[in-house]
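Understanding the architecture of this molecule
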Amino acid sequence: MSLDGKTGADRVLQPLTSATKGHFVLLALLALGTLWMLFAWFVQLRGGLMHTTSLGDWGVSGGVPWGLYIGAFVWWIGIAHGGIAISAAVRVFKLERFAPIARIAEVLTVLALGMAATSIVFSLGRPDRIFNTIVQWPFTVHHSPLAWDIAVITLYLVLTLTYLTLSLRDEIYEIRDRLPYWLDPIYAVILIGYRPEESEKVEQLLWWLAVAILALVPLLSGGVVPWLFGLIAAQPGWFGAAAGPSMLIESLTSAMAFVVVTIAIFRFAYGWEDFIRDAIFRDLSKVLALLTLATLWFVVHDVLTGAYLAPHHVGDITATMVSLPFFWIAVLGLGAAFIYLVAQLLRPSLFSVGRLTIASAVIAISILNKKVMFIVEGLMHPSIPPLTNLYPAGFYFPNWVEWSLVLGTIVVVGLGFVVIGKIIPMVELEVVDDDETTPRMGDPPLTDDSSEDATRPDTEVN
Amino acid sequence: MHTTTHIGLLVIFGVVLLPVYVMFAGWLVGRPREYRTVALTVGYMIGFTVLIVAGLAVTGLVISLITTV
Amino acid sequence: MACSSITYEEGIQMSSGSDPPRRSGTNGDETAGSGLEAGGDADAEAVGSEMPDLGDQWTVDDLDEDWERRAVEMLEDVDFDTELGVELSRDALRLAQGELTRAEFNEKHHDDVYEEFGVDERPTTEAGGIEYESSTRTATSSADGSPLPSVPETDSRPVPSRRGILKSAGAAAAVGMTAGLAGCLDGAAQSTTADATSGEDGNDVQLGMAIDMNHCIACLKCVEACKQENDTDRGTHWMHVFRYEEDEFGDVTEEYMPRPCQHCSEPSCTYVCPTQARHKRSKDGLVLTDYDTCIGCKYCEVACPYGVNFLGKGEPTDKSPGFTGSATDERGETVGGPPPTGVMGKCTFCVHRQDDSAQRGTTACEDDCPVDAIHFGDMNDPESDPRAYLRENDEESRFSLLDQQGTEPNVVYLGTEPTKDAEPVDGPYTYEDLDMETLAESQNGGDGE
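Since the structure is predicted, the reported quantities are computational estimates derived from the model, not experimental observations.

Now for the overall build of chain B. Scanning chain B from N- to C-terminus turns up three helices and zero strands. Walking chain B from its N terminus toward its C terminus, one meets helices and strands in the order α-α-α.

So, on to the UniProt feature "transmembrane region" (unreviewed entry) in chain B. All names here are of chain B. With numbering aligned to this structure, UniProt lists the feature "transmembrane region" (unreviewed entry) at residues 6-30 and 42-66. In residues 6-30, the share of helix is 84% and the share of strand is 0%. The end C-alpha atoms are 35 Å apart. Between the end C-alpha atoms of residues 42-66 the distance is 36 Å, and the span holds 100% helix and 0% strand.

This paragraph deals with the pattern of salt bridges. Residue and element names in this part refer to chain C. Within the structure shown, the criterion is met by 29 salt bridges over all chains. Residues Asp 284 and Arg 281 are paired through a salt bridge, measuring 2.7 Å at the closest nitrogen-oxygen approach. In this structure Arg 281 comes out as buried when scored by relative accessible area, which is 2%. In this structure, the salt-bridge partner of Asp 394 is Arg 398, at a minimum N-O distance of 3.6 Å. Assessed through its relative accessible area of 10%, Asp 394 is described here as buried. Linked by salt bridges that have partners in common, Arg 281, Lys 283, Asp 284, Asp 329, Glu 330, Arg 331, Glu 333 and Asp 355 make up one network.

Moving on: the pairing of strand β2 (residues 240-248) of chain C. Residue and element names in this part refer to chain C. With nine bridges joining them, β2 and strand β3 (residues 251-259) adopt antiparallel strand pairing. From the neighbouring strand, Val 241 faces β3, where its bridge partner is Pro 258. Two successive antiparallel strands, β2 and β3, enclose a turn made up of two residues, where Phe 249 displays a positive phi of approximately 50°.

What follows concerns the side chain of Lys 422 of chain A. Residue and element names in this part refer to chain A. Along the chain, Lys 422 falls in the loop between α17 (400-420) and α18 (429-433). The side chain of Lys 422 sits in the buried core without any salt bridge; Asp 10 is the nearest counter-charge, 15 Å away. There is a polar contact of 2.5 Å between the side chain of Lys 422 and the backbone oxygen of Pro 15. Those residues in contact with Lys 422 that lie beyond four places of it in its chain are Pro 15, Leu 16, Ser 18, Ala 19, His 23, Pro 180 and Leu 183.

As a measure of interface size, the accessible area lost when the parts come together is often cited. Taken together, the 54 residues of chain C in the interface contact 47 residues of chain A. On the chain C side of the contact with chain A, Ile 295, Tyr 299 and Val 302 of chain C bury the most area, a combined 17% of that side's loss. Viewed at the interface, chain A and chain C are joined by one salt bridge. The salt bridge partner of Asp 57 of chain A is Lys 313 of chain C, with a shortest N-O separation of 2.5 Å.

So, on to the sheet that holds strand β10 (residues 411-414) of chain C. All names here are of chain C. Strand order in the open sheet made by the four strands is β8-β1-β10-β9, with mixed pairing throughout. The open sheet has two edge strands, β8 (374-378) and β9 (398-400), and neither has a second partner. Geometrically, the sheet is characterised by an average inter-axis angle of 25° between neighbouring strands, direction not taken into account. As paired strands, strand β1 (residues 207-212) and β8 are joined by five bridges and run antiparallel to one another. Bridge assignment links Ile 211 to a residue of β8, and that residue is Ile 374. Lying over the sheet, helix α14 (residues 385-392) contacts β1, β8, β9 and β10, oriented at roughly 125° with respect to β8.

With that out of the way, let us pick up the nonpolar core. For soluble globular proteins, the rule of thumb is that nonpolar side chains tend to be buried together. Core analysis: the largest hydrophobic core is formed by 224 residues, its most contacted members being Trp 76, Phe 229 and Leu 284 of chain A together with Met 257 of chain C. Apart from the residues within four sequence positions on either side, Phe 229 of chain A is in contact with Trp 66, Ile 70, Val 74, Trp 238, Phe 239, Met 247, Phe 374 and Ile 375 of chain A. Counting residues in hydrophobic clusters, the runner-up holds six residues, among them Ala 210, Met 379, Tyr 389 and Val 412 of chain C.

Quick look at the packing of aromatic side chains now. Residue and element names in this part refer to chain A. Under the counting rule described, the total for this entry stands at 33 aromatic pairs over all chains. For the ring pair Trp 66 and Phe 229, a centre distance of 5.9 Å and an interplane angle of 90° mean the geometry is edge-to-face. Note that Trp 66 is positioned in the loop between α3 (49-52) and α4 (68-92) and Phe 229 in helix α10 (residues 199-230), a separation of 163 residues in sequence. The class of Trp 66 is buried, set by a relative accessible area of 2%.

Attention shifts here to helix α13 (residues 312-323) of chain A. All names here are of chain A. For α13, which comprises 12 residues, the first-to-last C-alpha distance of 16 Å matches the rise-based estimate of 16 Å (1.5 Å per residue) to within 8%. Restricting attention to buried positions, one finds in α13 the residues His 313, Gly 315, Ile 317, Thr 318, Thr 320 and Met 321. On its buried side, α13 packs onto α12 (278-307), α14 (325-346) and α15 (353-380).

Inspection of the secondary structure assignment puts Lys 298 of chain C in the loop between β5 (287-289) and α11 (299-303). According to the relative accessible area criterion, Lys 298 of chain C is buried, its value standing at 1%. Separated by 29 residues in the primary sequence, Lys 298 of chain C and Cys 269 of chain C have C-alpha atoms spaced 9.5 Å apart. Leave out the neighbours within four places in its chain, and Lys 298 of chain C touches Leu 49, Met 50, Leu 55, Pro 65, Trp 66 and Ser 123 of chain A together with Leu 311 and Met 344 of chain C.

Residue and element names in this part refer to chain C. Across the sheet, three strands lie side by side as β3-β2-β11; this open sheet has antiparallel pairing. Only two strands of the sheet have a single partner each, and these edge strands are β3 and β11 (423-424). Where β2 meets β11, two bridges bridge the pair, whose relative direction is antiparallel. Paired with Tyr 244 across the bridge in β11 is Pro 424.

Criteria and thresholds
- Residues numbered from 1 in each chain as written.
- Chains lettered and ligands numbered in written order.
- Predicted model: local features only at pLDDT ≥ 70, side-chain atom pairs only at ≥ 80, totals over all residues.
- Heavy atoms only, no water.
- Helix = DSSP H or I, 4+ residues; strand = E, 2+ residues; numbered from the N terminus.
- UniProt positions renumbered as here; feature names shortened; annotations may be inferred.
- Salt bridge = Lys/Arg side-chain N within 4 Å of Asp/Glu carboxyl O.
- Buried < 20%, exposed > 50% of the residue type's maximum accessible area, 1.4 Å probe, protein only.
- Pairing = 2+ DSSP bridges.
- Lys, Arg positive; Asp, Glu negative; His and termini not counted.
- Polar contact = N/O pair within 3.5 Å; in protein donor to acceptor, adjacent residues only side chain to side chain.
- Contact = heavy atoms within 4.5 Å.
- Buried area = accessible area lost by both parts, 1.4 Å probe.
- Axes fitted to C-alpha atoms, helices over the stretch in contact; angles between N-to-C directions.
- Core = buried A, V, L, I, M, F, W, Y, C linked by side-chain atoms within 4.5 Å.
- Phe/Tyr/Trp six-rings, centres within 6.5 Å; stacked < 30°, edge-to-face > 60°.
- Expected span 1.5 Å × (residues − 1).

This is the structure in structure tokens:
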């Protein structure tokens, strides 16, 4: 798309002030999808969790109590990292080539965390009592991994929202007169107590926020979330110290893949090829190839440990795993995507954003598949012998309600992007204002290099 | 009860929150030393926390309206 | 099983006092093959009427000349060294009393045992050999020093290795006995030094059960009684009876194991609960769910190794006239009867009965058991029904289910723990017969059970 004599800022702000027909069509489709999800949820709420879904009690009933919902929860938590981690890394490690996608990535984090929490609510037998977890939190944080998750997810969401808000303040202040007036209340909240001279301090606050967020990634997706499973001695399919590292790698893989898909859609929709350049996709594809390989490497560990001289109950779980088609679909998806990623790195002519987006989508879905498999396999052969063999083996396949709700969360994220894209600029304006030759990230207009140096003595100055 | 597995406090307040402590220290010690903006940011954090908690309460309330037969 | 080993075993049994309630001669695991017939409680009672019951006051000095004479008489019939047998028995008791350590015991007789039997796999200080898992958790002792229903760790490594010895050679089998005896007594020896481990306060009431699998006939009366009493949902079995076959080198036996909630002392379900709804009641150690607080996250269900949790489905059966007990306990928490839809429920040990003075100390399953297999009461009270029953049936092997999980269950089984190869079977009565089919049966065409 040509510049048409407009500045980069004009083009980034255009979605906020005008809307195309395509936008409304997309909005309508996503709204319809969301309504379908709400209908399915209504059905589940009225009918009761175990009546309207395929979930059941393990043991005598031969059911699986945690399934697609919990898998989706873990998946969304993982995806949430991709966004904010990229953005934070841009700030902390000065990876400025990724600056143009930082804002989209931050918004993805907020939406994905929301969907993670929603997935948990889907899985509850009595979601109306969800607030009990907060009321009881001071007493359960001593011992319940689920209470830890609530704490860390809330913390992560608060940090991300604060990060997003702080990074918007200068920008919104600068362009407020060009923003839709009817959204003023939102901008007023973002600009509470704003003073132009705060920029330098805000930049320093943001840097430390980014550090904290980066440090929290392994503690959330490689910590409290895998600990939900890895600490449960009753389920040998879950128990173990490797759950943390392997889940962290899987999470980062799906996160990176989801970011690629998201920015590709934005670039396509708004014609931002000149801000979000191919080079960004090429760089992301390298990271993605490495992460996918690491994920496959963990799969090999998993299978080999369970296939060689494994204890009976672990062997049974592995034998079931490799006998389920879904496992091989996940492995094939990851393998095929990995082969493409390597091929396009070796032969640049094979690269195209479209192909990369497809490969990334395959990876993201494969990881979701794998997360669900991890949870369900363990519960199909729960506990340890002799009870494992005395109880009937579990059976589980999600029904339409579960599919609707989980696919619905993806639709809601799409809807969220479409709506938020009308409220805040999705690319940081400094990035597109700097002549588009030296994209810079995050530095407020009032901050010059020398003051930034004073703020962050440890870091290299641009 | 729970005499042996009381490690939650350590996990959350000793390990997981470490980056947050460091962040607060960085905010307070790092230059420029300007506490108004720090207070404002902490205010945002508290505000978002309240928003999330209140949102959860409202979610529960709305769901209870739907589920009550 | 080699006949010499049986004789030797009986010799030890008689020689170590011929006293019914001593936990010595028959180690739990050895009865797996022979003990079911040999070590019945009828025997114990018969012997007990003739011999003075010295109870728990036994010391090494009580092994007097009279005892030695009887022991020698018994051992004369055996091919093995009589003197050694007597010595072993005497020191075994000293071991139990804590006067000897296991290593000392094993070393003292190592050479003799090796000479006599050509093999001695008991661990001494220099050679690791068989490792006996510490029994400090299960073998507790109360203030009066009486041995609690301590549980030989049948699931620990010694079991298969000792079995292996038994199968391999007749002569070696006797050594296996001795090793087993030492292992068993080791638990007792440790129990005298172990702290009262359950809970912060050893004197607390801890309701539990002794379930005699040798009595159980899998009539499913307990399951039915539970359903009638607690009005549980269709397909929900707070009490369940495992029916399975064990194939031991071609000898197929059918066995039954009733499974209520184990009301663990270290329940993993309460640990993971994010709302404190699942809790251990301090008054009597019951593990209960506060139906008003539970959010139905099912974390307790996945964290429990026993599979006793069932989410409330609001589908009562016509088996029950409805729950008539009090759902609310004296703390005002709703813990009794069937859980509401979406709320987790499980066996409550009929908590409404425990809070009702007229029915206290009973459960529906215990009341309806026609063969007296279930004994319910305070596991910390030596005079309670389950404790008395365990004492009376000291020769029977016993185990705690999945004891290695660290949950410290408060249900003690008399019988042999099912092996990993136990094959579930139908019958003699099925849930369908009693109109209580499981969800697995109705969904998967019954292939599960």
